[in-house]
Each structure stands twice: as structure tokens, then as C-alpha cells.
Amino acid sequence: VRNRVNTYRLQGDNTKAEEYYMTAVSLLRQHHGPRTDHKDIAYSLYMLGNFYDNIKQYYDAHDNLMEALSMYQRIYGTDNPHQHVAQLLCDIGVHYFRISDFHTAVDYSHRSLDMFKKIYGEDGCDRGMGTVLHNLGVSYDKLKMYKLAIKYSSQALEMCKKLYGEDSNHTSTAKTLSNLGEHYAHITDYDKALEHFNKSLDMYREVHGEDGCDEDM
């Protein structure tokens, strides 16, 4: 089912993709029982919610993401950290960011970050943690809380260096440098803004070439 969904999504056939996502949920509920909480059902609801979010059907996205979260919490407990729950909390934060509810986006992002830290430690190294730090930076920027935006985007930058190497060129690092440039521009620290924008542009050129094509360049 998942392979077919990915094929339909690549083809832009969202109707077929939705049909197969819903089939996956239905088959799993038939197999495990309609009232049974199971991690595979929760994961399929999670994927269906993300699918709806990506095609901007936000009400359906919300319902499925929250149902997945409730099921995961019944399975693992509300206080027990788990990778899937941490990532789901992160994606719920993204959902609220997309509908411009930035305060709620920040709340779910912090819940996700706290859980990732319980799993990997305060100084842990994980892409999911990096994503959450990035999301907090851009969310606080939208709320015009620029010092907090700089704080979390700076932490996201350090995570990128841990993940991809201190001196390596990576699009995630370039994007984070660009975000920091925007934060500094908002507080009229134009010297630091230009410094970060230039570092970002240089890195994008290293990745894509001098004449490369990337919307963030």
C-alpha cells in the first residue's frame, strides 16, 4: 500500500493516494480489531494526516494527526518518551505553523524537543531534533520574538554541524544560515544579517554550483 501511495503522490494523483492511505487504515483495523490500539494503525493515521497537511486539507490533517497522537499515547503512555511520538509532535507543530497558529506551533515543537532530549540527551545528535530547533526558530520569528528565534536557529545550526560536519556544505546548514540572516535583519543588526546571508549563499553555490537553481538561493 505504501509503495502505491508514493507512486500516486509522485504522479500528482492525490485522489488515488488518499484512497490507498484510507485502505491501509481500514485493513489494519480489520486485522487488529476496530477498537484496538496498535502502533501500525497509529502510524497509518499519522501518514494520512501528513498527506492531508501536504495537500492543504487542514481539517482532515488535524483530525488524523490528533487521533494518531491519542493512540500512540494510549500505547506508550503519556509520559514515556518515544521516537514516533516525538516526531509526530514535531509534525503537529508544522501543521499549526501552516495554518498560522504560531503559538500552538511553538507549544507542540517544545513538547517534541523535550521528548527528543529525553531520548537522546540534552546534547544529543538527531535529525528530528534539528528539525524541531529549525521550526522553533522560524515560529518565533513569525511571532516577532527575534531573540528566541536567534537562540533556536543558532542551536539548529550547531545541530547541522554535528550531523553533516563542521566544514561540510549542506542545504540544511545553508537554510539555517539564511534564517539567521533574516532574524538579525529584523533586529536591524545588518552586519550580522549580511554575514549570515553571504555564508548561506556561498554554501548553496558549493552545493548547486555557481549557476545552480534553488529557490532558497
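Just above, that's the structure.
Residue indices follow the written sequence of each chain, beginning from 1 at its first position. Whole-chain, interface and lining totals are the exception, using all residues; otherwise, since this is a predicted model, local features are given only for residues with pLDDT of at least 70 and side-chain atom pairs are given and counted only at 80 or more. As a rule here, side-chain values come from all non-hydrogen atoms in the structure, and water together with hydrogens is ignored.

### Quick notes on the overall build of the protein chain
Inference 1: The secondary structure content of the protein chain amounts to 10 helices and zero strands.
Inference 2: Comment: elements are numbered from the N terminus, with helices defined as DSSP H or I runs of at least four residues and strands as E runs of at least two. The secondary structure elements of the protein chain, listed N-terminal to C-terminal, are α-α-α-α-α-α-α-α-α-α.
Inference 3: With the C-alpha coordinates aligned to their principal axes, the bounding extent of the protein chain is approximately 60 × 40 × 30 Å.
Inference 4: Whether a residue is buried, partly exposed or exposed follows from its accessible area with a 1.4 Å probe, protein chains only, as a fraction of its type maximum: under 20%, in between, or over 50%, in that order. Counting every position in the protein chain, which comprises 217 residues, the buried fraction comes to 39%.
Inference 5: Surface exposure here means Shrake-Rupley accessible area, sampled with a 1.4 Å probe, where a residue is shielded only by the protein chains that are shown. Total accessible area computed for the protein chain in this model is approximately 12,000 Å², and 46% of it derives from carbon and sulfur atoms.
Inference 6: Averaging the locations of the 24 positively and 32 negatively charged side chains of the protein chain gives two centres separated by 5 Å. His is not counted, nor are the chain ends; Lys and Arg add positive charge and Asp and Glu add negative charge. Taken as the charge centre is NZ of Lys, CZ of Arg, CG of Asp or CD of Glu, depending on the residue.

### A closer look at the nonpolar core
The tendency in soluble globular proteins is for nonpolar side chains to be buried side by side.
Inference 1: As used in this record, nonpolar core signifies buried Ala, Val, Leu, Ile, Met, Phe, Trp, Tyr and Cys residues forming a set joined through side-chain atoms within 4.5 Å. With 34 residues, the main nonpolar core has Leu69, Tyr72, Val85, Leu88, Ile92, Leu113 and Leu136 as its most contacted residues.
Inference 2: Among the secondary structure elements, those contributing two or more residues to this core are helix H2 (14-32), helix H3 (39-54), helix H4 (58-76), helix H5 (83-98), helix H6 (102-120), helix H7 (127-142) and helix H8 (146-164).
Inference 3: With seven residues, the single largest contributor to this core is H5.
Inference 4: If we ignore the near neighbours within four places in the chain, the residues touching Leu88 are Tyr46, Leu65, Ala68, Leu69 and Tyr72.
Inference 5: Among the nonpolar cores identified, the runner-up in size contains nine residues, and Leu157, Leu180, Met203 and Tyr204 belong to it. Only heavy atoms matter for contacts: two residues are in contact if any of them lie within 4.5 Å across the pair.

### Quick word on the side chain of Asp91
Inference 1: Relative to the assigned elements, Asp91 resides in helix H5.
Inference 2: It turns out Asp91 is buried and unbridged, and the closest side chain with the opposite charge, Arg98, is 7.7 Å from it.
Inference 3: With residues near it in sequence (within four places) discarded, Asp91 still touches Tyr46 and Asn50. We count a salt bridge whenever a side-chain nitrogen from Lys or Arg sits within 4 Å of a carboxyl oxygen from Asp or Glu.

### A short note on the packing of H2 against H3
Inference 1: Note on definitions: angles span 0 to 180 degrees between N-to-C directions of axes, and those axes are lines fitted to C-alpha atoms, for helices only across the stretch in contact. Their axes nearest at 9 Å, the elements H2 and H3 cross at an angle of 165°. If you check the angle between H2 and H3, you find them roughly antiparallel. Judged by the sense of rotation from one axis to the other, the crossing of H2 with H3 is left-handed. Only Asp40, Ile41, Ser44, Leu45, Met47, Leu48, Phe51 and Tyr52 of H3 make contact with H2, whose side of the interface consists of Asn14, Ala17, Glu18, Tyr21, Met22, Ala24, Val25, Leu28, Arg29 and His32.
Inference 2: Nonpolar residues are Ala, Val, Leu, Ile, Met, Phe, Trp, Tyr, Cys and Pro. Charged residues are Asp, Glu, Lys and Arg, and all others, Gly as well, are polar. Partitioned by chemical class, the residues of the contact of H2 with H3 number 12 nonpolar, three polar and three charged. For classification purposes, angles smaller than 35 degrees are called roughly parallel, those larger than 145 roughly antiparallel, those between 65 and 115 roughly perpendicular, and all remaining angles oblique. Here a crossing is called left-handed whenever its near helix is offset anticlockwise from the far helix by less than a right angle, and right-handed whenever the offset is clockwise.

### Here we look at the packing of aromatic side chains
Inference 1: Stacked, tilted and edge-to-face are the three classes assigned to paired rings of Phe, Tyr and Trp, where Trp is represented by its six-membered ring and a pair needs centres within 6.5 Å; plane angles under 30 degrees give stacked, over 60 edge-to-face, the rest tilted. Evaluated as defined, the whole model comprises eight aromatic pairs.
Inference 2: With a centroid separation of 5.7 Å and an interplanar angle of 50°, the aromatic rings of Phe51 and Tyr52 are classed as tilted.
Inference 3: Residue Phe51 is classed as buried on the basis of its relative accessible area of 1%.
Inference 4: Measuring from centroid to centroid gives 5.7 Å for Tyr140 and Tyr152, while their planes differ by 15°, and the two rings are stacked. Placement of the pair is Tyr140 in helix H7 and Tyr152 in helix H8, with a sequence separation of 12 residues.
Inference 5: By relative accessible area, Tyr140 is classed as buried at 8%.
Inference 6: With relative accessibility at 10%, the residue Tyr152 sits in the buried group.
Inference 7: Following the ring pairs from residue to residue traces out a cluster consisting of Tyr21, Phe51 and Tyr52.

### Examining the pattern of salt bridges
For side chains of opposite charge, pairing can occur when their charged atoms come near one another.
Inference 1: Tallied over the full model, the rule gives nine salt bridges.
Inference 2: Among the ionic pairs, Asp40 bridges to Lys39, the shortest N-O distance being 3.7 Å.
Inference 3: A single salt-bridge network, built from bridges that share partners, covers Glu158, Lys161 and Glu166.

### So, the environment of Ala42
Inference 1: When you line up the elements, Ala42 lands in helix H3.
Inference 2: A residue is classified by how much of its surface remains accessible, and Ala42, at 0% relative accessible area, is buried.
Inference 3: Spatially, the C-alpha atoms of Ala42 and Met66 are 9.9 Å apart, while their sequence positions differ by 24 residues.

### Looking at the side chain of Asp141
Inference 1: Following the sequence through the fold, Asp141 ends up in helix H7.
Inference 2: For Asp141, which is buried and forms no salt bridge, the nearest opposite charge comes from Lys142, at a distance of 6.3 Å.

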